[in-house]
Amino acid sequence: VKKQGKNGHQFYSPDLDVQLLENIGLESDLRKAIERNELVVYYQPQFHAQSNRMIGVEALVRWNHPTRGMLSPGVFIPIAEETGLIYEIGTWVLSEACRQMKKWHDEGGPLIPVSVNLSSHQFHQPNLVEYIVKILEETKLEPQYLELEITESMMMDPAVSISILEELNKIGTRISLDDFGTGYSSLSYLKKFPIHKLKIDRSFITDISENHNDKAIVATIISMAQHLKLDVIAEGIETKDQLDILTENDCHEIQGYYFSSPLSASEVEKTFFVPNRL
Ligand code: C2E
Ligand code: CA
Ligand code: CA
Ligand code: CA
């Protein structure tokens, strides 16, 4: 594989070649992964800090690869995006997450929404809204229980993004701005975008106990969200200390290993649903 060098020269890296070969292997495997039922959706519960009530789950895809074991989306989503397989995978994750949530609702589980990550490729797909409507109809999940997670980088063309977001709003799904604070979105657009929630990126949380700048940024995002009447959730909470700082600053919606890592659907039921109701 050739990589751009410092002064514009290309240099050759044997390590990257190995990487390339691995990716080629993964790519052809990935094509078969869906039909072979190797993809799985895990769910990470989100909590209201004071009441310990579960307020939602984020759907996070995994690939149970026959020889390599459980692969994280960081490994295969980029390949899916390069090859266009992301459309098929993204649609599958959406319908699987909606199906599971409807099943939980029907079986007496908590009436909470599921958040699904959209890749920028999906977001700009012309028939995005159409197939989300179709999935909602097929699974019979009420639209307010589907939250779509998008990132600031998808908002580069504000006119286009606003019209997509307005269409999604019209069908009744919720929109959350993921990894908030890491992109370059102009704050002036925040009030124009029809979004419901800001999700504070984990990178501001990791050192929040020691780093005053991170703490200041997080406090500012929370207060801005309040002024704009947006919900706000923090992700990547791992310690009690981090949790306390968030709640002291008035952010009460929490996602992170401190409460729970992402779990299979049956683990979610076993761990968090009231016994005998499912
Ligand atoms: P993300 O949307 O920012 O998801 C949060 C990631 O942080 C997840 O990694 C989750 O397991 C991890 N995480 C949660 N709590 C903690 C914590 O307390 N500490 C730490 N260190 N990590 C935590 P995961 O599942 O490996 O997903 C990585 C990324 O892959 C996601 O980042 C998302 O961008 C992407 N992804 C996952 N599922 C999908 C999908 O269905 N479609 C698309 N397009 N992207 C997906
Ligand atoms: Ca996310
Ligand atoms: Ca995130
Ligand atoms: Ca992230």
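Here the structure is shown first, and the text comes after it.
These numbers were taken from a predicted model, which means no experiment stands behind them.

Here is what the cut-offs are and how they apply
Residues numbered from 1 in each chain as written. Chains lettered and ligands numbered in written order. Predicted model: local features only at pLDDT ≥ 70, side-chain atom pairs only at ≥ 80, totals over all residues. Heavy atoms only, no water. Helix = DSSP H or I, 4+ residues; strand = E, 2+ residues; numbered from the N terminus. Rg over C-alpha atoms; globule rule 2.2 N^0.38 Å. Buried < 20%, exposed > 50% of the residue type's maximum accessible area, 1.4 Å probe, protein only. Contact = heavy atoms within 4.5 Å. Areas by Shrake-Rupley, 256 points an atom, 1.4 Å probe, with all protein chains shown as cover. Lys, Arg positive; Asp, Glu negative; His and termini not counted. Charge placed at Lys NZ, Arg CZ, Asp CG, Glu CD. Donors = N, O, S within 2.8 Å, 3.2 Å for Na, K, Ca; no water. Tetrahedral: all angles 85-135°; square planar, octahedral: opposite > 155°, others 65-115°. Near = heavy atom within 4 Å. Polar contact = N/O pair within 3.5 Å; in protein donor to acceptor, adjacent residues only side chain to side chain. Pairing = 2+ DSSP bridges. Phe/Tyr/Trp six-rings, centres within 6.5 Å; stacked < 30°, edge-to-face > 60°.

## Quick look at the overall build of the protein chain
Right, on to step 1. Within the protein chain one finds ten helices and eleven strands.
Right, on to step 2. Against the globule reference of 19 Å for 278 residues, the protein chain gives a C-alpha radius of gyration of 20 Å, in line with a compact fold.
Right, on to step 3. Expressed along its principal axes, the backbone C-alpha trace of the protein chain runs to roughly 55 × 45 × 40 Å.
Right, on to step 4. Counting all 278 residues of the protein chain, 46% fall into the buried class.
Right, on to step 5. By sequence separation, contacts in the protein chain at least 24 residues apart represent 65% of the contacts at least 6 residues apart.
Right, on to step 6. Summed over all atoms, the accessible surface of the protein chain reaches about 14,300 Å², with 51% contributed by carbon and sulfur.
Right, on to step 7. Seen as two clouds, the 26 positive and the 40 negative side-chain charges of the protein chain have centres 2 Å apart.

## Topic: the coordination of the calcium ion (ligand 2)
Four donors placed tetrahedrally around a metal ideally meet at 109.5 degrees, and six donors placed octahedrally ideally meet at 90 or 180 degrees.
Right, on to step 1. Surrounding the calcium ion (ligand 2) are the protein donor atoms Glu58 (OE), Asn117 (OD1), Glu149 (OE) and Asp178 (OD), at 2.1 to 2.3 Å.
Right, on to step 2. The two metals, the calcium ion (ligand 2) and the calcium ion (ligand 3), are separated by 3.8 Å and share aspartate 178 as a common coordinating residue. Taken together, the residues asparagine 117 in strand S6 (residues 114-117) and aspartate 178 in strand S8 (residues 174-180) connect sequence positions 61 residues apart.
Right, on to step 3. Given the relative accessible area of 30%, asparagine 117 is considered partly exposed.

## Brief notes about the coordination of the calcium ion (ligand 3)
Right, on to step 1. Listed as protein donors to the calcium ion (ligand 3) are Asp178 (OD), Asp178 (OD), Asp179 (OD), Glu235 (OE) and Glu235 (OE); their distances from the metal cover 2.3 to 3.2 Å.
Right, on to step 2. Considering all six donor atoms around the calcium ion (ligand 3), the spread of angles at the metal, 43 to 153°, places the coordination shape in the irregular class.
Right, on to step 3. Mapping the donors of the calcium ion (ligand 3) onto the primary sequence yields the spacing D-D-x55-E.
Right, on to step 4. A relative accessible area of 7% places aspartate 178 in the buried class.
Right, on to step 5. By relative accessible area, which is 12% here, glutamate 235 ends up buried.

## Topic: the site of ligand 1
Right, on to step 1. In the vicinity of ligand 1, 20 residues are found, and the nearest of them are Gln44, Arg62, Asn117, Glu238 and Tyr257.
Right, on to step 2. Contacts to ligand 1 include valine 61, whose backbone N or O atom sits 3.2 Å from a nitrogen atom.
Right, on to step 3. Contacts to ligand 1 include arginine 62, whose side-chain N or O atom sits 2.8 Å from an oxygen atom.
Right, on to step 4. Alone, ligand 1 offers 800 Å² of accessible surface; in the complex the protein occludes 82% of this.
Right, on to step 5. For the shell around ligand 1, the secondary-structure elements that each account for two or more residues are strand S4 (53-65), helix H2 (73-83) and S8.
Right, on to step 6. Tallying contributions element by element places S4 first for the shell around ligand 1, with four residues.

## Quick look at the pairing of strand S9 (residues 197-200)
Right, on to step 1. A two-sided burial pattern is seen for S9, the buried positions comprising Lys197 and Lys199 on one face and Leu198 and Ile200 on the other.
Right, on to step 2. The pairing of S8 with S9 spans three bridges and is parallel. Paired with leucine 177 across the strands is leucine 198, a residue of S9.
Right, on to step 3. Relative to strand S10 (residues 231-235), S9 runs parallel, the two being bridged by four bridges. By the bridge assignment for S10, leucine 198 is matched with valine 232.

## A few points about the packing of aromatic side chains
Right, on to step 1. Taken as a whole and judged by the stated rule, the model has six aromatic pairs.
Right, on to step 2. Measuring from ring centre to ring centre gives 5.7 Å for tryptophan 63 and phenylalanine 76, while their planes differ by 80°; the resulting arrangement is edge-to-face. With a gap of 13 residues between them, tryptophan 63 in strand S4 and phenylalanine 76 in helix H2 connect regions that are remote in the sequence.
Right, on to step 3. Three or more aromatic residues joined by ring pairs make a cluster, and in this case those are Phe47, Tyr258, Phe259 and Phe272.

## Focus: the environment of tyrosine 87
Right, on to step 1. Within the secondary structure layout, tyrosine 87 lies in helix H3 (residues 86-106).
Right, on to step 2. C-alpha separation for the pair tyrosine 87 and phenylalanine 123, spaced 36 residues apart in sequence, amounts to 10.0 Å.

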